[in-house]
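Listed below are the residues making up each chain.
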Amino acid sequence: MKEKIDINNWIRKDHFNFFSTFEEPFFGVTVEVDCTATYQEAKENNLSFFLLYLHKSLLAVNRVEPFSYRIINGEVWKYDTVNAAATINRPNGTFGFGYLDFYEDFEDFKTEAGKEIEKVQATTGLIPSSSGENVIHYSALPWLNFTSLSHARNYAHHDSCPKISFGKVREEKGRKIMPLSIHVNHALMDGYHVGEFVETYQDLLSKKSLNPSFSPALK
């Protein structure tokens, strides 16, 4: 489900009209997050670390409203739920695109995501995009401790989906640190909202989500 934003009465009207005329309206930042608790949780419960930190990022995305905004035919729409369009790495060094629906409960997410990952890894192609606009474009580069990152872009395609990339986890003073790259359309959000996402995501990474005291309910 989605609802149309009335741009004329939107607090971001001037920002939208200004940045939506840019050939490259995206801006990006690279930060580091402490994923020690989530890494330990994955190891203790024999879980996929990738799926666990990806799920927590989707929880954070769905709590920060501007990440649900999309530009469709010059209009701004807000989606009720945002899912993941993720690169799935294969053992042979290639990757394919997978589409992972968001579930608040990690067990549900893990089950459905596992099916999609198996499907992609059993193929050899990219599996062209067919997931719609209500996704985050995710990628993982677990081999690289990057400090900045850029994306391949087709400027003929008017894309407004945020792009989030995860890097190589390193150990620093007993903590697990991971680089995180975030690119968003400036017509839809500002640095303040990216900061809100990072803060929310870090808070989730610092908690063990399978702990009964943890509540993944959206704000």
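What counts, and at which threshold
Residues numbered from 1 in each chain as written. Predicted model: local features only at pLDDT ≥ 70, side-chain atom pairs only at ≥ 80, totals over all residues. Heavy atoms only, no water. Helix = DSSP H or I, 4+ residues; strand = E, 2+ residues; numbered from the N terminus. Buried < 20%, exposed > 50% of the residue type's maximum accessible area, 1.4 Å probe, protein only. pLDDT = per-residue confidence, 0-100. Contact = heavy atoms within 4.5 Å. Axes fitted to C-alpha atoms, helices over the stretch in contact; angles between N-to-C directions. Left-handed = near helix turned anticlockwise from the far one by under 90°. Nonpolar A, V, L, I, M, F, W, Y, C, P; charged D, E, K, R; others polar. UniProt positions renumbered as here; feature names shortened; annotations may be inferred.

Novice: Got a minute to help me understand unusual backbone geometry in this structure?
Specialist: Leaving glycine aside, a negative phi is the common case for residues, and trans is the common case for peptide bonds. The backbone of Asn 46 sits at a positive phi, close to 55 degrees, despite the residue not being glycine. Along the polypeptide, Asn 46 turns up in the loop between helix 2 (36-44) and helix 3 (49-61). Judged by its relative accessible area of 73%, Asn 46 falls in the exposed class. Positive phi values are uncommon outside glycine, yet Asn 73 reaches one of about 55 degrees. For Asn 73, the location among the structural elements is in the loop between strand 3 (69-72) and strand 4 (75-79).

Novice: Is there a simple way to explain the confidence of the model for the chain in this structure?
Specialist: Keep in mind that low pLDDT regions are not for reading the predicted coordinates in detail. The share of residues in the chain with pLDDT of 70 or more is 94%, and the mean pLDDT across the chain is 92. Below a pLDDT of 50 lies the segment residues 211-219, which in the model reaches 17 contacts outside its immediate sequence neighbourhood of four places, other chains included.

Novice: Sorry, what's going on with the packing of helix 3 against helix 4 (residues 106-121) here?
Specialist: How two helices sit against one another is set out by the angle between their axes and by the gap between those axes. Interhelical geometry of helix 3 versus helix 4 gives an angle of 120 degrees and a closest axis separation of 11 Å. Note that helix 3 runs across helix 4; the crossing there is right-handed. Counting all contacts with helix 3, which are made through Leu 51, Leu 52, Leu 54, His 55 and Leu 58, the residues of helix 4 involved are Phe 106, Phe 109, Lys 110, Ala 113 and Ile 117. Taken together, the residues of the contact of helix 3 with helix 4 sort by class into 8 nonpolar, 1 polar and 1 charged.

Novice: Can you walk me through the UniProt feature "active site" (unreviewed entry) in the chain in this structure?
Specialist: The UniProt record annotates "active site" (unreviewed entry) at His 186. Of note, His 186 is situated in the loop between strand 10 (175-185) and helix 5 (191-205).

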